[in-house]
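Inside the fold
Read off the chains here:
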Amino acid sequence: MIFRALFTLAVLPSVHPLGIMSAGEWLPSIVTADNIRRYQDEGLIPRHGCRLPGPGEVEPHPRDDERVLLLSHVDRGFSLPPHPFLLDFLAFTGSQLHHIVPNSITLLASFFSLCEGFLGIDPHWNLFRTIYTIKPQKIKKSGEAEINHLCGGMFLAKRQGVQYFTSSIPDSVKNWQNSWFYCKVDTAPGTRTLPPYSDVRLTDSRGWNPRLIAAEKQQVLPLMREVVNMKNKGLDAMDLIA
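A few points on the structure. Remember, it's a predicted structure, so these values are computed and weren't measured experimentally.

Turning to the pattern of salt bridges, a few remarks are in order. Enumeration according to the criterion identifies eight salt bridges in this entry. One salt bridge in this structure joins arginine 47 and aspartate 41, with 3.1 Å as the shortest N-O distance. Since its relative accessible area comes to 57%, aspartate 41 is described here as exposed. For aspartate 88, the salt bridge is made with arginine 192, and the minimal N-O distance between the two is 2.8 Å. Residue aspartate 88 is located in helix α3 (residues 84-93), and its partner arginine 192 is located in the loop between β7 (180-184) and α6 (214-232); the two are separated by 104 residues in the primary sequence. Among the residues examined, arginine 192 registers a relative accessible area of 48% and is labelled partly exposed.

The structure is reproduced here in structure tokens:
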């Protein structure tokens, strides 16, 4: 289920303790051991291998066998092991989990639900590209050129004119960058998992939205007809995230 919302994001000042503008930057984690236990008891994160940031850590520094997870993303449908489509998406865009805004995690999870639960197929890349466009989220610092947010430098937007479910999720989630913690993952050779953490910003979005060729559009047509048919019969966005 998406939107468990076990974790309440605290309203923090708009400025990082080190004086950095907090928009798009990491904030010191406010995740507690009680938070971790509650999510573990719900089966939302692994029972073993989770670790809180150390004293004084204001941004992530995971060990080699750890990845940085966010409870804001778990609340919206992320889970381990990562969905293969999500791993493909990260590889295609050159992104990491923290680059994706929380509400786009909801859109990804609901797309998985649509494909697997209603269409009876694996998540379909060309269908995804028909419905969504991938956009960078930028910030302009005083006297500098625009740069992508470090956290949340990417979001999904429904393409204009596409008949798809109307989303009622809020446009943004405040201070979600303070919901991070560490979790061990299987790094054995041949195992697919989240990429190792990097604090590099996304910089090049030019290849994120290649045009569908005619054959790909023909492939998607019957799937979109079925989506529209289900929508007309009463299926809505909330059914995909329930």
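Read from one edge to the other, the open sheet built from three strands follows the order β1-β7-β2, with strand pairing classed as antiparallel. Two strands close off the open sheet at either side, each with one partner strand: β1 (50-51) and β2 (66-70). Examined bridge by bridge, β2 and β7 share five bridges and lie antiparallel to one another. Note on β7: the bridge partner recorded for glutamate 66 is lysine 184.

This next bit is on the side chain of histidine 124. Among the structural elements, histidine 124 can be located in the loop between α4 (102-119) and α5 (125-131). The exposure class assigned to histidine 124 is buried, which follows from its relative accessible area of 18%.

The rules we used
Within each chain, residues carry numbers counting from 1 in the order of the written sequence. Local features in a predicted model are, by the rule used here, given only for residues with pLDDT of at least 70; side-chain atom pairs are given and counted only at 80 or more, and totals for whole chains, interfaces and linings are based on all residues. Each side-chain value is derived from all of the structure's non-hydrogen atoms; neither hydrogens nor water enter the calculation. A pairing counts as a salt bridge when a side-chain nitrogen of Lys or Arg comes within 4 Å of a carboxyl oxygen of Asp or Glu. For every residue, the accessible area obtained with a 1.4 Å probe (protein chains only) is divided by the maximum for its type, and the residue is called buried under 20%, exposed over 50%, and partly exposed between those limits. The helix count covers DSSP runs of H or I at least four residues long, the strand count covers runs of E at least two residues long, and both are numbered beginning at the N terminus. Paired strands, as defined in this entry, are two strands with at least two bridges between them according to DSSP.

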